[in-house]
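Summary of the model geometry
What follows is the residue order along each chain.
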Amino acid sequence: QVHLVESGGGLVQAGGSLSLSCVASVSTLRLIAMDWYRQAPGEQRDLVARVTKDGTTTYTNSVKGRFTVSRDDAKNTMYLQMNSLKSEDTGVYYCHGVEITSRINDYWGEGTQVTVSS
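First, a word on scope: everything that follows refers to the structure included in this document. The numbers attached to residues start from 1 for each chain and follow its sequence in the written order. Restriction of local features to residues with pLDDT of at least 70 applies here, the model being predicted, together with a cutoff of 80 or more for giving and counting side-chain atom pairs; totals for whole chains, interfaces and linings are based on all residues. Remark: hydrogens and water are excluded; side-chain values derive from all non-hydrogen atoms of the structure.

**Observations concerning the pairing of strand β5 (residues 45-52)**
Two faces make up the sheet, and in a regular strand the side chains alternate between them. Relative to β5, strand β4 (residues 33-39) is paired through seven bridges, and the arrangement is antiparallel. Bridging from a neighbouring strand, Ala33 pairs with Thr52 of β5. Two strands form a pair only when DSSP identifies at least two bridges running between them. Labels follow the DSSP assignment, with helices taken as runs of H or I lasting at least four residues and strands as runs of E lasting at least two, numbered in each case from the N terminus. Hairpin geometry of β4 and β5 is characterised by an intervening segment of five residues between the two adjacent antiparallel strands and by a positive phi of about 75 degrees at Gly42. When β5 meets strand β6 (residues 57-59), the two strands line up antiparallel, connected through three bridges. The partner of Arg50 across the bridge, within β6, is Thr58. Counted between consecutive antiparallel strands, the loop separating β5 from β6 contains four residues, among which Gly55 sits at a positive phi close to 95 degrees.

What follows is the structure in structure tokens.
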């Protein structure tokens, strides 16, 4: 079983920055992709950013140019640097990892709250 633990959330004013971390209980080399999802109050959980094992990154349009996702497999950690934060970035941010063995396994963290005040 893989456990993912997020940290770094908090309250920040619009225009500010936050950095999130997600630490895995196993080597992240097992995870072909690691993602950050966001769930705003009353909304569904949506993909924000993804980084694959080979370092390819993708972002949802609303965060392009403001957020940067990265991973350090030596530290079993994924990061999300969030700059120029907006009120619409508010939500619970979840770490997600995908592992392929004989089947596809996906793992979720418990989430960390990010609140951006306008």
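Once you've had a look at it, read on.
**As for the state of the cysteines**
In what follows, a disulfide is any cysteine sulfur pair within 2.5 Å. Throughout the structure, instances matching the rule amount to one disulfide. Disulfide pairing places Cys22 opposite Cys95 at an S-S distance of 1.9 Å. Taking the sign of the S-S torsion, about -70 degrees here, the bridge from Cys22 to Cys95 comes out left-handed. Placement of Cys22 in strand β3 (residues 18-24) and of Cys95 in strand β9 (residues 91-100) is noted, with a sequence separation of 73 residues between them. Pair check on accessibility: Cys22 and Cys95 agree, each one buried. Three labels apply to residues, based on accessible area from a 1.4 Å probe with only protein chains included: buried if under 20% of the type maximum, exposed if over 50%, partly exposed otherwise in between.

Taken by themselves, the reported measurements are silent on function.
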